[in-house]
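# Working through the structure, step by step
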Amino acid sequence: MVSSGINAEYMVSSGINAEYMGQKEDGLSVASGRGRQTMEEAAAEQAYQVRGWRVEDVCLWLTQARLDRYQAEFRLHKIDGRKLMSDWFMTWLDKEKGINSLHKKKFKRLLTKMHFPDA
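Anyway, here's the lowdown on the structure attached to this text. Quick caveat, the model's predicted, so the values are computed rather than measured.

## Some points on the pattern of salt bridges
Applying the stated criterion across every chain yields a total of three salt bridges. Notably, a salt bridge pairs Asp-57 with Arg-54, separated by 3.3 Å at the nearest N-O pair. Residue Glu-56 pairs with Arg-75 through a salt bridge whose shortest N-O separation is 2.9 Å. Of this pair, Glu-56 sits in helix α4 (residues 55–64) while Arg-75 sits in helix α5 (residues 71–76), and the two are 19 residues apart along the sequence. Given the relative accessible area of 42%, Glu-56 is considered partly exposed.

## Section: the environment of Trp-53
Relative to the elements of secondary structure, Trp-53 occurs in the loop between α3 (39–51) and α4. The exposure class of Trp-53 is buried, given its relative accessible area of 2%. C-alpha separation for the pair Trp-53 and Arg-82, spaced 29 residues apart in sequence, amounts to 7.3 Å.

## Quick word on helix α8 (residues 101–115)
Taking 1.5 Å per residue, 15 residues should reach 21 Å; α8 reaches 21 Å between its end C-alpha atoms and fits that length. If you check the start of α8, you find a side-chain oxygen 2.9 Å away from the backbone N of Leu-102, and it comes from Asn-100.

## Notes on the packing of helix α7 (residues 87–95) against α8
Between α7 and α8, the shortest axis-to-axis distance is 10 Å and the interhelical angle comes to 165°. Here α7 is positioned roughly antiparallel relative to α8, judged by the angle of their axes. For the pair α7 and α8, the sense of crossing is left-handed. Side by side, α7 and α8 meet where Phe-89, Met-90, Leu-93 and Asp-94 of the first sit next to Lys-104, Phe-107, Lys-108 and Leu-111 of the second.

About the criteria used
The residue count restarts for each chain, going from 1 along the sequence in the order it is written. Local features in this predicted model are restricted to residues whose pLDDT is 70 or higher, and side-chain atom pairs enter the listing and the counts only when it is 80 or higher, whereas totals over whole chains, interfaces and linings include all residues. Calculated side-chain values reflect all of the structure's heavy atoms, with hydrogen atoms and water omitted. Definition used for salt bridges: Asp or Glu carboxyl oxygen within 4 Å of a side-chain nitrogen of Lys or Arg. Strands here are runs of E lasting at least two residues and helices are runs of H or I lasting at least four, both read from the DSSP assignment and numbered beginning at the N terminus. The cut-offs for exposure are 20% and 50% of the maximum accessible area for each residue type, with area from a 1.4 Å probe on protein chains only; residues under the lower value are buried, those over the upper are exposed, and the others partly exposed. Given a helix with a known number of residues, its expected span is that number minus one, times 1.5 Å. Polar contact is defined as a pair of N or O atoms within 3.5 Å, subject to the rule that within protein one atom must be able to donate a hydrogen and the other to accept it, and that residues adjacent in sequence are counted only when both atoms are side-chain atoms. Note on geometry: axes are C-alpha line fits, over the in-contact stretch for helices, and angles between N-to-C directions span 0 to 180 degrees. Roughly parallel covers angles under 35 degrees, roughly antiparallel covers those over 145, roughly perpendicular covers 65 to 115, and oblique covers all other angles. For any pair of crossing helices, the crossing counts as left-handed if the nearer helix is rotated counterclockwise from the farther one by less than a right angle, and right-handed if it is rotated clockwise. Contact criterion: two residues are considered in contact whenever any of their non-hydrogen atoms come within 4.5 Å of each other.

Have a look at this one:
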């Protein structure tokens, strides 16, 4: 199980799961433990949670995204949520020869959705 409390459906889609976050019917605000917040605030909170993932949590995300063949490489480089969400990761990904180009594009798409859920 993921230690940060991230919803498994979120991990696969890498977007905000409005049902999980308690979205209102109008789609503009969500309920949180601190009251109402905008979707942007909810996205920032979700990204913050991803930064708290351990290497094993990232590997679980890889499995759910059908990219589990890269788990050994991620473990070798100790890629946790903080590294995954950093500029370093994108630079590393561009230089990494062991990841095929289609999967690099998939990583970039998934990470863009993590950073900017409405993109």
